[in-house]
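# Residue-level structure breakdown
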Amino acid sequence: MTAVRTPTLAAAKLVFQRDMTLAWRRWDEVAQPLIFYVVVTTMFPLATTPDLSALRQIGGGVVWVAALLASLLALEALFRADVEDGTTEQWVLSGQPLGYLLLAKVAAHWVLTGLPLVIMSPIVGTGLGLPTSVWGVLMLSLLLGTGTLSILGGIGAALTVGVRRGSVLLSLLVLPLAMPLLIFGSRAVAMQMDGDSPAGPLQLLAAIFFMALSLGPLAMSAAIRISVEN
Amino acid sequence: MSWTWFHKLASPPHAYRILGSLAPWFGWASLALILLATWWGLVKAPADYQQGDGFRILYVHAPSAWMSMFAYVVMAIAAGVGLIWRIKLAHAAAAACAPIGASFTFLALATGSIWGKPMWGTWWVWDARLTSELLLLFLYLGYMALRASFDDPQRADRASAVLALVGVINVPIIHYSVDWWTTLHQPASVTKFDKPSIQLAMLIPLFIMIAGFQLYFGWAVSRRLRGEILRRERNANWLREAS
């Protein structure tokens with residue numbers, strides 16, 4: 001008897017759709033990181049100066065830091081429910097490449113948390129005095145950066161699943177790894193604002209993204225196996 | 001080729017015994033080299049024409065910075081070996097490396113800061129190497145925090161091993177991104193000391209000191225690893241028979 005196996009792509013699509021449906025039913029939870037993002041960026045003018053020309057100097061960096069923190073927020077619970085109710089165990093046993101299923105889950109997570117941040121960023125940036133000419137670069141850099149961050153965060157979330165006080169630990173693990181993203185992303189915005197070509201940092205961001213995309217699933221599946229097997 | 005020696009080495013009783021006999025060699029040799037290099041560096045080596053005697057902190061700073069990265073790589077290799085061949089002893093070795101590496105990183109940061117005060121006029125500059133050293137310290141702290149947060153030692157071993165491998169891939173990226181970041185930001189006055197052509201007379205004690213630090217690392221890892229073995233094997237028969 002030959003076992004019939006769902007094609008991997010179809011299985012990954014099912015995982016993706018399931019997460020989207022679940023999120024749609026609890027959309028208020030999905031909105032929380034976005035609200036956090038706006039609140040954090042509001043704090044900077046209050047803490048420093050309401051002068052737009054002064055805020056412009058740090059605007060790109062503030063948007064980037066806020067985006068990093070906001071996308072970390074939702075990561076902690078990424079795999080928790082699935083590990084607790086045994087879904088991940090079934091994935092491990094399913095014979096599908098675990099990395100792809102986890103990547104589909106991370107992709108759904110990115111669509112729900114990363115993409116809204118990217119779309120919101122011009123509005124938030126304008127509040128910090130960023131000119132319309134940097135919108136494109138800001139969004140593109142965040143698009144690549146949040147993608148990488150979702151994968152890095154996926155590794156961190158897979159490692160800290162079932163750990164006490166996981167959310168603090170997760171930030172401690174993921175933030176140092178995300179520093180290059182912060183450097184390249186905010187530099188790209190600053191260079192565009194100074195009239196330089198931001199191609200260099202954007203290409204580096206893209207390179208890091210593709211590296212994370214190719215190696216990330218391996219690390220994620222190794223980490224999930226450790227969490228499930230014991 | 002026979003791998004018996006390898007498997008033998010990976011068995012706790014053998015490793016415990018071998019490490020016990022290696023440790024004094026490492027210890028005394030490192031003490032001798034460090035004392036020699038200290039005398040050579042502080043007394044015999046000529047003073048720097050620009051920094052005077054202030055540069056002599058280099059003999060602690062540079063070897064600790066080197067060891068901080070060396071220890072991380074050793075830790076990641078041990079973690080990888082443990083993960084791939086499922087050797088518990090390799091995981092124990094990785095666990096033994098982490099606090100030592102973190103201490104070296106802290107020492108490099110502290111001496112860099114002390115050196116920076118008279119040379120740069122400030123305790124801290126966002127210099128490329130200082131910043132990537134700081135991020136390395138964060139990586140060490142994250143690794144140790146993850147290891148400490150599991151109750152089950154096997155799970156702690158394997159989860160932190162994955163983190164060590166992810167980290168070691170990221171270390172060069174972090175290093176180059178920080179490098180690139182500071183070359184755009186930093187005033188040239190700070191980089192003046194960056195690439196001095198060091199005299200041979202100053203370089204020899206530096207190499208001796210690095211060798212001494214390496215041996216010290218060997219001694220410290222042997223001692224810590226023996227401790228790890230004792231802790232992990234506390235219920236094993238061979239230990240009861242040995243004591």
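Our subject is the structure listed above.
Residues numbered from 1 in each chain as written. Chains lettered and ligands numbered in written order. Predicted model: local features only at pLDDT ≥ 70, side-chain atom pairs only at ≥ 80, totals over all residues.

### A look at the interface of chain B and chain A
One frequent convention defines the size of an interface as the accessible area lost when the parts assemble. At the interface, 24 residues of chain B touch 21 residues of chain A. Those elements giving two or more residues to the side of chain B that touches chain A turn out to be α5 (128–148) and α6 (153–185) of chain B. In terms of residues, the side of chain B that touches chain A owes the most to one element, α6 of chain B, which gives 14 residues. Tallied by class, residues from the side of chain B that touches chain A come to 16 nonpolar, 5 polar and 3 charged. (Contact = placed C-beta atoms within 7 Å. Helix = DSSP H or I, 4+ residues; strand = E, 2+ residues; numbered from the N terminus. Nonpolar A, V, L, I, M, F, W, Y, C, P; charged D, E, K, R; others polar.)

### Some thoughts on the nonpolar core
By size, the foremost hydrophobic cluster in this structure holds 135 residues, and its most contacted members are A223 of chain A together with M75, A93, A94, C97 and V162 of chain B. Tallying contributions element by element places helix α8 (residues 166–193) of chain A first for this core, with 15 residues. With near-sequence residues (within four places) excluded, A223 of chain A lies in contact with I155, A158 and L159 of chain A together with A159 and V162 of chain B. (Core = buried A, V, L, I, M, F, W, Y, C linked by C-beta atoms within 7 Å. Buried ≥ 20, exposed ≤ 12 C-beta atoms within 10 Å, placed from the backbone.)

### What to know about helix α9 (residues 199–229) of chain A
The periodicity of an α-helix, 3.6 residues per turn, causes residues three or four positions apart to be oriented the same way. Spanning 31 residues, α9 of chain A covers 44 Å between terminal C-alpha atoms, matching the ideal 45 Å at 1.5 Å per step. Approximately 40° is the largest bend angle found in α9 of chain A, and it occurs at L215 of chain A, with the proline P217 of chain A only one to four residues beyond. (Expected span 1.5 Å × (residues − 1). Bend = angle between axes of the 7 residues up to and from the residue.)

### Observations regarding helix α6 (residues 98–127) of chain A
Residues and elements named next belong to chain A. End to end, α6 covers 42 Å across 30 residues, agreeing with the expected 44 Å (1.5 Å per residue, within 8%). Roughly 45° is the biggest bend found in α6, and it falls at S121, with proline P122 one to four residues downstream. The positive-phi residue at the C-terminal boundary of α6 is G129, with phi of around 85°.

### Quick word on the packing of helix α7 (residues 135–160) of chain A against α9 of chain A
For any two helices packed against each other, one specifies the crossing angle of their axes together with the interaxial distance. All names here are of chain A. As a packed pair, α7 and α9 sit with axes 8 Å apart at the nearest point and diverge in direction by 15°. In terms of axis orientation, α7 runs roughly parallel to α9. Of the two elements, α7 crosses α9, and the hand of that crossing is left-handed. Its residues assigned to classes, the contact of α7 with α9 comprises 18 nonpolar, 7 polar and no charged. (Axes fitted to C-alpha atoms, helices over the stretch in contact; angles between N-to-C directions. Parallel < 35°, antiparallel > 145°, perpendicular 65-115°, else oblique. Left-handed = near helix turned anticlockwise from the far one by under 90°.)

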